[in-house]
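Chain by chain, the residues run as shown.
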Amino acid sequence: MTTALFAPQLSAPQQSAQPTAQPSAAQLAAAQAKRAQLNRDAVLSATPVRLLTMLYDRLMLDLARAETAQVGENWPVASENLLHAQAIVDELTTSLNVTAWDGADGLLAIYTYVSNALIGANIHRDVARTRESIVLLEPLRQAWHEAAGALPAPQTAPSGEGYRGVA
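Note that the structure is a prediction, hence the values are computed from the model and not measured.

Trainee: Just to check I follow, could you spell out the packing of helix 3 (residues 75–95) against helix 4 (residues 104–123) for this structure?
Mentor: Angle between the axes and distance between the axes are the two parameters that describe a pair of packed helices. Following both chains from N to C, one finds helix 3 and helix 4 inclined at 160°, their axes separated by 10 Å at the closest point. Accordingly, the angle class assigned to the pair helix 3 and helix 4 is roughly antiparallel. As for the relative orientation of helix 3 and helix 4, their crossing is left-handed in sense. Along the contact surface, helix 3 presents S79, L82, L83, A85, Q86, V89, D90, L92 and T93, while helix 4 presents L108, Y111, V114, S115, L118, I119, A121 and N122.

Structural data, given as structure tokens:
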């Protein structure tokens, strides 16, 4: 799984009424590099369950941003967010083990439908398809968060031992 699926999309800084010192290009680049490193660290250290909830959270963020951009007819931003959402749905689809449980085929069908809807939303600039995807996926996001919250906390090794008790 690539950390690019979780990469933040930076927007232009907000303009304020008060003039302020703008950060230099080097400062912005350093801040972006630090944010990217923190993001990579969070993804690489996350449990599989946490990765799944992170993917769903980012997917819903992308769809909300895409919907806002579509409503505002900001098509480049809408397209960027829809393409990123498609990449996340593709990751969810390819990581789904359809033999693991009876409901997996139904979930695969939802992912396939949403993937096609997002392609259509992007090609046809159709905010209704984006909204439909949000409506279909939000209950799944909530269910995965609830399931993750019901799991026992991961066991950690005592401080004197290494990973999984190996010194």
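Past the structure itself, the notes keep going.
Trainee: Any chance you could explain the side chain of Q70 here in plain terms?
Mentor: Turning to its location among the elements, Q70 is positioned in helix 2 (residues 48–71). Non-local contacts of Q70, meaning those with residues more than four positions away in its chain, are made with W75, A78, L82, A121, R125, D126, V127 and T130.

Trainee: Just to check I follow, could you spell out the packing of helix 2 against helix 3 for this structure?
Mentor: In contact at an axis separation of 8 Å, helix 2 and helix 3 are set at 155° when each is read in the N-to-C sense. Regarding the angle of helix 2 to helix 3, the classification is roughly antiparallel. Along this stretch, helix 2 crosses helix 3, giving a crossing that reads as left-handed. Along the contact surface, helix 2 presents L52, L55, Y56, R58, L59, D62, L63, R65, A66, A69 and Q70, while helix 3 presents W75, V77, A78, N81, L82, H84, A85, I88, V89, E91 and L92. In terms of residue class, the contact of helix 2 with helix 3 is made up of 15 nonpolar, three polar and four charged.

Trainee: Mind showing me how you'd approach the confidence of the model for the chain here?
Mentor: Parts of the model with low pLDDT should not have their predicted coordinates read in detail. Overall, the predicted model of the chain reaches an average pLDDT of 84, with 76% of residues at or above 70. Predicted confidence for residues 163–167 stays below pLDDT 50, and this span has four contacts to residues more than four positions away or in other chains.

Trainee: For this particular structure, what's the right way to read the nonpolar core?
Mentor: Side chains of a nonpolar character, in soluble globular proteins, are inclined to be buried together. Membership of the largest hydrophobic core comes to 21 residues, with the highest contact counts inside it found for Y56, L59, L63, L92, Y111, L118 and L137. Of all the secondary-structure elements, those providing two or more residues to this core are helix 2, helix 3, helix 4 and helix 5 (127–150). With near-sequence residues (within four places) excluded, Y56 lies in contact with L92, L107, Y111, L137, L140, R141 and W144.

Trainee: Looking at this structure, I do not really get unusual backbone geometry. What am I missing?
Mentor: Across residues other than glycine, the phi torsion is negative in most instances, and most of the peptide bonds are trans. With a phi close to 55°, E73 is a non-glycine residue in the positive phi region. Mapped onto the fold, E73 is located in the loop between helix 2 and helix 3. Positive phi, close to 50°, is recorded for R125, a residue that is not glycine. Tracing the backbone through its elements, the reader meets R125 in the loop between helix 4 and helix 5.

Trainee: Quick question: what am I supposed to make of helix 3 here?
Mentor: Along an α-helix, residues three or four apart share an orientation, since each turn contains 3.6 residues. Its 21 residues give helix 3 an end-to-end C-alpha distance of 30 Å, which sits within 8% of 30 Å, the value for a rise of 1.5 Å per residue. Residues of helix 3 that are buried in the fold lie against helix 2, helix 4 and helix 5.

Trainee: Sorry if this is basic, but what is going on with the pattern of salt bridges here?
Mentor: It is possible for side chains of opposite charge to pair when their charged atoms get near one another. Across all of its chains, the model carries five salt bridges by this definition. Where D62 meets R58, a salt bridge forms, and the shortest distance between an N and an O atom there is 2.9 Å. In this pair, D62 and R58 both sit in helix 2, four residues apart, roughly one turn of the helix. The pair D62 / R58 is uniform in exposure class, with both members buried. A single network of salt bridges, built from pairs that share partners, joins D57, E138 and R141.

Conventions we followed
Residues numbered from 1 in each chain as written. Predicted model: local features only at pLDDT ≥ 70, side-chain atom pairs only at ≥ 80, totals over all residues. Heavy atoms only, no water. Axes fitted to C-alpha atoms, helices over the stretch in contact; angles between N-to-C directions. Helix = DSSP H or I, 4+ residues; strand = E, 2+ residues; numbered from the N terminus. Parallel < 35°, antiparallel > 145°, perpendicular 65-115°, else oblique. Left-handed = near helix turned anticlockwise from the far one by under 90°. Contact = heavy atoms within 4.5 Å. Nonpolar A, V, L, I, M, F, W, Y, C, P; charged D, E, K, R; others polar. pLDDT = per-residue confidence, 0-100. Core = buried A, V, L, I, M, F, W, Y, C linked by side-chain atoms within 4.5 Å. Buried < 20%, exposed > 50% of the residue type's maximum accessible area, 1.4 Å probe, protein only. Expected span 1.5 Å × (residues − 1). Salt bridge = Lys/Arg side-chain N within 4 Å of Asp/Glu carboxyl O.

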